[in-house]
Amino acid sequence: MNKRLPALIGALFVVFLPALLLPIPAAAQEKPLSLYQRLGGYDVVAALVDDWLGRLRNDPAFTKFGLGYSQDSMKRRRQLTVDYFCRASGGPCFYTGRDMRLGHAGLGITGSEWSAAMQHLAAALDKFKIAPKEKEEVLKLISGLKKEIVEKSGD
Ligand code: HEM
């Protein structure tokens, strides 16, 4: 072994030790908060979804989409929707349902039903006083699913 190697390692250690001990600036440590965190976490996401689904249930234009399902199937769909929102906004959930295209194929959802559903979602976000930035992010996130869910362009 080179006799000078231990001295060299020692010298490098002395030179770089202060850098190792320097505190990492807070800005470099902090990961930006996910949309899920900024919304307020699981309970807020679940409450938003419940409010949104409640609005859809109370709108006669959506009655046909709830027909023929058992209570447990409705509960399952609600839980899958919560999981989807949680996961899509960066939360620690697993979505185990079908992908959006497969899960809605054959329902014949129209462009105007889609617009109405997004208005209901905006109303739910307003009810929970979600800040404008986060509201826009949720709407953008979910609006992006339109091409997978809507099958008919008109009414
Ligand atoms: C006009 C808008 C929408 C209508 C009318 C609608 C209606 C439905 C219906 C009837 C089902 C049950 C399908 C079945 O079990 O055969 C379903 C499933 C589902 N929907 Fe929607 N949906 C809409 C938008 C959305 C959006 C924006 C999301 C976003 C997360 C979503 C999430 C889900 C999920 C997670 C399921 C369950 C999938 C599964 O069973 O694997 N839906 N939807």
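Residues numbered from 1 in each chain as written. Predicted model: local features only at pLDDT ≥ 70, side-chain atom pairs only at ≥ 80, totals over all residues.

(A) Examining the overall build of the protein more closely. Helix and strand content of the protein: nine helices and zero strands. Overall, the protein shows an N-to-C arrangement of helices and strands of α-α-α-α-α-α-α-α-α. Residues classed as buried in the protein amount to 12% of the 155 residues present. Within the protein, counting contacts between residues at least 6 apart in sequence, those at least 24 apart form 77% of the total. (Helix = DSSP H or I, 4+ residues; strand = E, 2+ residues; numbered from the N terminus. Buried ≥ 20, exposed ≤ 12 C-beta atoms within 10 Å, placed from the backbone. Contact = placed C-beta atoms within 7 Å.)

(B) How the structure looks around the site of the ligand. Within the structure, the ligand sits among 19 residues, and Leu80, Gly97, Arg98, Gly103 and Ala117 are positioned closest to it. Every element with two or more residues in the shell around the ligand is listed here: α5 (71–88), α6 (100–104) and α7 (111–127). Take the shell around the ligand: its biggest share by element is five residues, from α5. Class assignment of the residues belonging to the shell around the ligand gives a composition of 12 nonpolar, four polar and three charged. (Near = placed C-beta within 6 Å. Nonpolar A, V, L, I, M, F, W, Y, C, P; charged D, E, K, R; others polar.)

(C) Structural detail: the nonpolar core. Counting residues in each nonpolar core, the largest one holds 16 residues, and the members touching the most others are Val45, Leu48, Val49, Phe85 and Leu125. When sequence neighbours within four positions are dropped, the list of residues in contact with Val45 reads Tyr36, Leu39, Val82, Phe85, Cys86, Ser89 and Gly91. (Core = buried A, V, L, I, M, F, W, Y, C linked by C-beta atoms within 7 Å.)

(D) Quick peek at the environment of Ile149. Within the secondary structure, Ile149 is located in helix α9 (residues 146–149). What makes Ile149 partly exposed here is the crowd of 17 C-beta atoms within 10 Å. Separated by 40 residues in the primary sequence, Ile149 and Ile109 place their C-alpha atoms 7.0 Å from one another. Leave out the neighbours within four places in its chain, and Ile149 touches Met100, His104, Ile109 and Trp114.

(E) Here's a closer look at unusual backbone geometry. Unlike most non-glycine residues, Lys129 shows phi in positive territory, near 50°. Checked against the element boundaries, Lys129 lands in the loop between α7 and α8 (132–143).

(F) Quick peek at the packing of helix α4 (residues 42–58) against α7. Contact geometry of α4 with α7 gives a least axis separation of 9 Å together with a crossing angle of 135°. Relative to α7, α4 is oriented oblique. Our pair here, α4 against α7, has a crossing hand that is right-handed. Of the residues in α7, those in contact with Leu48, Asp51, Trp52, Arg55 and Leu56 of α4 are Ala117, His120, Leu121, Ala123, Ala124, Leu125 and Lys127. (Axes fitted to C-alpha atoms, helices over the stretch in contact; angles between N-to-C directions. Parallel < 35°, antiparallel > 145°, perpendicular 65-115°, else oblique. Left-handed = near helix turned anticlockwise from the far one by under 90°.)

(G) Just the packing of α4 against α5, in detail. α5 packs onto α4 with a crossing angle of 130° between their chain directions and a minimal axis gap of 9 Å. The angle between α4 and α5 places the two elements in the oblique class. Handedness of the crossing formed by α4 with α5: right-handed. Where α4 approaches α5, its residues Tyr42, Val45, Ala46, Val49 and Leu53 are matched on the opposing element by Arg78, Thr81, Val82, Phe85 and Cys86. By residue class, the composition of the contact of α4 with α5 is eight nonpolar, one polar and one charged.

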